[in-house]
Amino acid sequence: MILVTPLQIGKVAYLLPGAWLYARRCHLEDWNKNYAVLQKYARKAIRALGYELLCDGIENLPKQGPIFFVSNHQGTLDPAPIVATCPLPFAFISKKENEKIPLLGRLALMIGTIHFDRETREGNVHMLRESARRLKKGQNLLIFPEGTRSKGDKMHTFKMGSLQPAYMGKAAIVPITLQHCYVLDEPDNTLRTIKVIYGKPIPYEDYRSIKQEELLVRLHDEIQHNVYDD
């Protein structure tokens with residue numbers, strides 16, 4: 001799987017040595033410090049690639065955690081604009097294969113990303129237990145409930161069970177909408193503006209009695225509406 005093109009690598013090449021050195025020398029348990037460093041690199045990388053990054057809804061973010069972020073998934077580099085704009089440190093819930101991606105896998109571990117095997121029961125149980133444990137400790141997590149990239153504006157259906165960690169950890173749910181972030185995978189695309197929208201939080205007390213299937217549809221429809229509301 002090709003993550004970036006040679007042209008894209010060339011544009012961010014000056015950032016790679018510093019990012020690699022920090023990733024090798026940092027303490028993996030210093031999640032908040034590592035997040036701040038990673039955020040700087042994410043912002044620089046997006047600028048280096050020639051994109052303008054817009055953001056709405058930061059004022060919607062809760063003052064205290066835990067927060068369970070739910071985002072649409074448009075492209076390979078979706079984590080970059082989210083990390084670049086989110087002032088609150090968080091970790092991703094990601095498939096096991098991503099842990100082996102050179103440099104990016106190490107950067108993900110720096111902020112406490114939970115990698116799991118989606119194909120096994122044991123892997124899914126581990127993810128649920130670890131996610132709930134993190135949320136109960138006040139740490140923030142993010143999931144892409146589509147499970148795979150849409151590569152465009154039309155979203156895939158959200159996978160059942162994607163919200164289980166939020167229910168177990170009694171976390172506020174914050175929907176995130178990515179607009180046009182798939183162009184990060186398309187260097188020849190003439191569109192040069194991408195956007196991240198943070199929706200209004202849904203406190204645990206407001207959704208705990210709602211069936212997960214119903215809440216998944218509600219979140220999916222809200223995010224899909226925002227994708228098209230350009």
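So, here's what we can say about the structure.

Parameters and conventions
Residues numbered from 1 in each chain as written. Predicted model: local features only at pLDDT ≥ 70, side-chain atom pairs only at ≥ 80, totals over all residues. Heavy atoms only, no water. Core = buried A, V, L, I, M, F, W, Y, C linked by side-chain atoms within 4.5 Å. Buried < 20%, exposed > 50% of the residue type's maximum accessible area, 1.4 Å probe, protein only. Helix = DSSP H or I, 4+ residues; strand = E, 2+ residues; numbered from the N terminus. Contact = heavy atoms within 4.5 Å. Axes fitted to C-alpha atoms, helices over the stretch in contact; angles between N-to-C directions. Parallel < 35°, antiparallel > 145°, perpendicular 65-115°, else oblique. Nonpolar A, V, L, I, M, F, W, Y, C, P; charged D, E, K, R; others polar. Pairing = 2+ DSSP bridges. Lys, Arg positive; Asp, Glu negative; His and termini not counted. Salt bridge = Lys/Arg side-chain N within 4 Å of Asp/Glu carboxyl O. Polar contact = N/O pair within 3.5 Å; in protein donor to acceptor, adjacent residues only side chain to side chain.

## Examining the nonpolar core
- In this structure, Phe 69, Ile 82, Phe 90, Leu 142, Ile 176 and Tyr 198 are the most contacted members of the largest nonpolar core, which totals 36 residues.
- Breaking this core down by element, the ones donating at least two residues are helix 3 (31-48), strand 2 (67-71), helix 4 (79-85), helix 5 (104-110), strand 6 (172-179) and strand 7 (193-198).
- Of all the elements, helix 3 adds the most residues to this core, at 5 residues.
- Setting aside residues up to four positions removed in sequence, Ile 176 forms contacts with Phe 69, Val 70, Ser 71, Asn 72, Ile 82, Leu 142, Val 196, Ile 197, Tyr 198 and Ile 223.
- The next biggest cluster of nonpolar side chains, apart from the first, holds 26 residues, and it includes Val 70, Ile 93, Met 127 and Leu 163.

## Let's talk about the packing of helix 2 (residues 16-25) against helix 3
- Taken N-terminus to C-terminus, the directions of helix 2 and helix 3 make an angle of 170°; their axes are 11 Å apart at the nearest point. Relative to helix 3, the element helix 2 is oriented roughly antiparallel. Packed against helix 2, whose contacting residues are Gly 18, Ala 19 and Tyr 22, the element helix 3 presents Lys 33, Asn 34, Val 37 and Tyr 41 at the interface.
- Its residues assigned to classes, the contact of helix 2 with helix 3 shows 4 nonpolar, 2 polar and 1 charged.

## Quick word on the sheet that holds strand 1 (residues 52-56)
- In space, the 7 strands of this open sheet follow the order 1-7-6-2-5-3-4, with mixed pairing throughout. Strand pairing shows two members of the sheet lacking a second neighbour, strand 1 and strand 4 (114-116), which therefore form its edges. Along the sheet, successive strands turn relative to each other by an average axial angle of 20°, direction set aside.
- Sheet analysis places strand 6 next to strand 7, joined by 4 bridges and oriented antiparallel. Considered in strand 7, the bridge of Ile 176 is made with Tyr 198.
- Docked against the sheet, helix 9 (residues 212-228) engages strand 2, strand 6 and strand 7, running at close to 35° with respect to strand 6.

## Describing the side chain of Glu 146
- Residue position: Glu 146 is located in the loop between strand 5 (141-143) and helix 7 (164-169).
- No salt bridge is formed by the buried Glu 146, whose closest oppositely charged neighbour, Lys 154, lies at an N-O distance of 9.4 Å.
- A polar side-chain atom of Glu 146 sits 2.6 Å from the main-chain amide nitrogen of His 73.
- Aside from chain neighbours lying at most four places away, what touches Glu 146 is Asn 72, His 73, Met 155, His 156, Thr 157, Phe 158 and Lys 159.

Note that every value here comes from positions in space, so none of it alone points to a role or purpose.
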